[in-house]
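The residues making up each chain are set out below.
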Amino acid sequence: MSATLSPASAVTVNGRTYQPPRRPSVVICLDGCDPEYLARGIPAGVFPTLGRFAAEGFAGEADAAVPTFTNPNNVSIVTGAPPAVHGISGNYYLDRETGKEVMITDGSLMRAGTVLAALNNAGVPTVVVTAKDKLRKMLGRGMQGGICFSSEKASAATVEENGIADLEELVGRPTPNMYSGDLSLFVLDAGIKLLEQGRGELFYLSLSDYIQHGHAPGEPESDEFHRAVDERVGRLIELGAVVGLVADHGMRDKAKADGSANVIYLEDELNARFGPGAARVICPITDPYVKHHGALGSFVRVYRRAAGASIPELMAFCAQMPGVEAVLSAAEAAERYHLPIDREGDFIVLSDAATVVGATTSEHNLAGLDGHRLRSHGGLGERRVPFLVSEPLTPEYRRRAAAGGLHNYDIFDFVLNGTE
Ligand SMILES: [Zn+2]
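Not measured: the values here are computed from a predicted model.

**Re the domain arrangement of the protein**
The domains assigned to the protein are domain 1 (11-251 + 379-417) and domain 2 (263-375). For domain 1 and domain 2, the distance between their C-alpha centroids amounts to 27 Å. The interface of domain 1 with domain 2 comprises 29 residues on the first partner and 28 residues on the second. For the side of domain 1 that touches domain 2, the elements supplying multiple residues, two or more each, are α4 (83-86), β5 (92-94), β6 (101-103) and α10 (210-214). Ranked by the residues each element gives to the side of domain 1 that touches domain 2, the list is headed by α10, at four residues. Looking at side-chain class alone, the side of domain 1 that touches domain 2 contains 16 nonpolar, nine polar and four charged residues.

**Things to note about the environment of methionine 103**
The residue methionine 103 is located in strand β6 in this model. Given 13 C-beta atoms within 10 Å, methionine 103 falls into the partly exposed group.

**Here's the deal with the packing of helix α12 (residues 266-274) against helix α13 (residues 311-319)**
Close contact between α12 and α13 brings their axes to 11 Å; oriented N to C, the two are set at 120 degrees. One finds that α12 runs oblique with respect to α13. Every pair of crossing elements has a handedness; the one defined by α12 and α13 is right-handed. Between α12, through Leu266, Leu270, Arg273 and Phe274, and α13, the contact on the second element is made entirely by Leu314, Phe317 and Cys318. Along the lines of polarity and charge, the residues of the contact of α12 with α13 split into six nonpolar, no polar and one charged.

**Description of the sheet that holds strand β10 (residues 242-246)**
Here seven strands make up an open sheet; going across it, the order is β4-β19-β10-β3-β9-β7-β8 and the pairing mixed. What marks the edges here is a single partner per strand, and that holds for β4 (58-63) and β8 (147-150). Within this sheet the neighbouring strands show an average axis-to-axis angle of 15 degrees, counted without direction.

**Here's the deal with the pairing of strand β3 (residues 25-29)**
Among the five residues of β3, five are classified as buried, and the element is accordingly described as predominantly covered. Residues Ser25, Val27 and Cys29 point to one face of β3 and Val26 and Ile28 to the other, with burial holding for every one of them. As judged from the five bridges shared by β3 and strand β9 (residues 202-206), these two strands associate in the parallel manner. Bridged to cysteine 29 within β9 is serine 206. The pairing of β3 with β10 spans five bridges and is parallel. Within β10, the residue paired with valine 27 across the bridge is glycine 244.

**A short note on unusual backbone geometry**
Note that the residue after valine 66, namely proline 67, is joined by a cis bond; omega there is 0 degrees. Residue position: proline 67 is located in the loop between β4 and α3 (70-79). A positive phi angle, near 50 degrees, is found at asparagine 14, a position not held by glycine. Phi at alanine 295 is positive, roughly 60 degrees, even though this residue is not glycine. In this fold, alanine 295 is placed in the loop between β13 (279-282) and β14 (299-304).

**A word on the packing of helix α9 (residues 182-196) against helix α11 (residues 220-238)**
The N-to-C vectors of α9 and α11 enclose an angle of 10 degrees; their axes lie 10 Å apart at closest approach. The angle between α9 and α11 places the two elements in the roughly parallel class. As for the relative orientation of α9 and α11, their crossing is left-handed in sense. Each of Leu185, Leu188, Asp189, Gly191, Ile192 and Leu195 in α9 lies in contact with α11, whose residues at this interface are Ala228, Val229, Arg232, Arg235 and Leu236. Of the residues in the contact of α9 with α11, the class split is seven nonpolar, one polar and three charged.

**Some thoughts on the sheet that holds strand β15 (residues 324-329)**
Within a sheet, neighbouring strands are paired by backbone hydrogen bonds and run either parallel or antiparallel to one another. A sheet is described by the order of its strands in space; here four strands give the open sequence β13-β14-β16-β15, paired in antiparallel fashion. The open sheet has two free edges, formed respectively by β13 and β15, since each of these has just one partner strand. Ignoring strand direction, the axes of neighbouring strands in this sheet form an average angle of 25 degrees. Sheet contacts for α12: β13, β14 and β16 (347-351); angle to β13, the most-contacted strand, approximately 170 degrees. Where helix α14 (residues 330-337) meets the sheet, its contacts fall on β15 and β16, and the angle it forms with β15 comes to roughly 105 degrees.

Calculation notes
- Residues numbered from 1 in each chain as written.
- Predicted model: local features only at pLDDT ≥ 70, side-chain atom pairs only at ≥ 80, totals over all residues.
- Domains from an automatic or database assignment.
- Contact = placed C-beta atoms within 7 Å.
- Helix = DSSP H or I, 4+ residues; strand = E, 2+ residues; numbered from the N terminus.
- Nonpolar A, V, L, I, M, F, W, Y, C, P; charged D, E, K, R; others polar.
- Buried ≥ 20, exposed ≤ 12 C-beta atoms within 10 Å, placed from the backbone.
- Axes fitted to C-alpha atoms, helices over the stretch in contact; angles between N-to-C directions.
- Parallel < 35°, antiparallel > 145°, perpendicular 65-115°, else oblique.
- Left-handed = near helix turned anticlockwise from the far one by under 90°.
- Pairing = 2+ DSSP bridges.

Quick look at the structure:
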């Protein structure tokens with residue numbers, strides 16, 4: 001349909017071959033887009049563009065990587081591979097060698113290359129825009145040239161570091177607030193401008209889940225936000241792009257009937273039962289932006305600390321707690337969810353769809369919720385995500401989709417290799 005793009009050869013990344021885009025190709029990670037937002041929003045007219053994909057392109061669901069957090073899934077999407085391959089299994093982890101707890105804010109722990117870097121370096125002008133700056137270095141890892149920036153730090157972008165400057169001028173408004181829906185809309189608007197100016201052929205636009213943490217499907221705030229997202233997807237298509245859209249994870253209500261957060265403070269519980277310092281609980285949802293979830297999600301890693309209770313005893317105690325869905329040893333977790341074993345705890349605990357699990361009461365501050373019910377993710381209840389493509393799939397990819405077992409990290413494969 002649109003003009004032939006610059007010639008580049010196919011690339012192979014983590015065992016899969018990707019064709020260079022034949023027309024501008026945009027993958028959007030609509031952070032925290034639980035399928036329920038679409039299930040309620042499409043009939044209500046919130047998503048006029050995405051609602052057409054089922055008839056005009058492809059609309060299905062896929063599994064996110066577990067734990068259903070932002071970093072592991074964004075990195076899975078851009079590498080086309082699960083955490084066992086790329087090494088990122090949380091936003092935050094305990095380094096067994098140093099004993100230090102570390103926030104992951106760059107690509108130094110990544111063990112695999114990305115589809116974005118491979119195609120960019122093969123000559124496809126590539127644009128990566130993320131809402132939160134913490135993801136930028138991971139998503140842009142290995143890119144030589146190209147454009148990669150975050151809306152959070154839009155005003156600070158430089159040609160040297162980001163491949164582009166003067167973003168406020170480009171988008172036509174100031175750098176958005178960290179805690180706003182505009183943090184995401186700015187990402188999409190920047191993508192639209194760059195597409196209009198012909199500055200990219202391959203785009204990855206990764207949004208923030210601030211709105212979804214605060215607002216359930218059907219609430220005016222989430223409807224308004226999603227209408228704005230949908231309108232921008234429509235504009236990208238109008239400009240000739242093929243658009244793929246997935247989420248990094250779903251989002252569920254984790255509050256009790258009285259509105260208070262439904263939390264298991266697991267480290268407190270373990271230490272009360274087995275003695276002070278018995279175990280350390282690491283919450284891999286922890287990131288620099290905890291206001292909207294208090295660092296509480298539905299997946300934690302537990303490290304035995306003191307002699308006394310054995311790991312099986314600690315596990316058995318966790319397994320009988322109300323609200324706990326699964327307790328798996330490191331080896332079981334790594335095998336079942338394709339996680340890097342050397343970055344596992346002694347065991348993992350998954351809470352159910354209505355419950356979050358934390359460390360100690362003193363480590364989690366829920367004041368930022370400002371009276372909202374806690375909504376969060378991390379567990380199996382948030383594993384299903386939308387998987388949408390704006391164009392019809394080839395017969396082979398239709399068959400693959402129909403066979404089931406899709407992952408959100410198949411999206412670049414589908415967009416680049418699987419459309420007519
Ligand atoms: Zn997320």
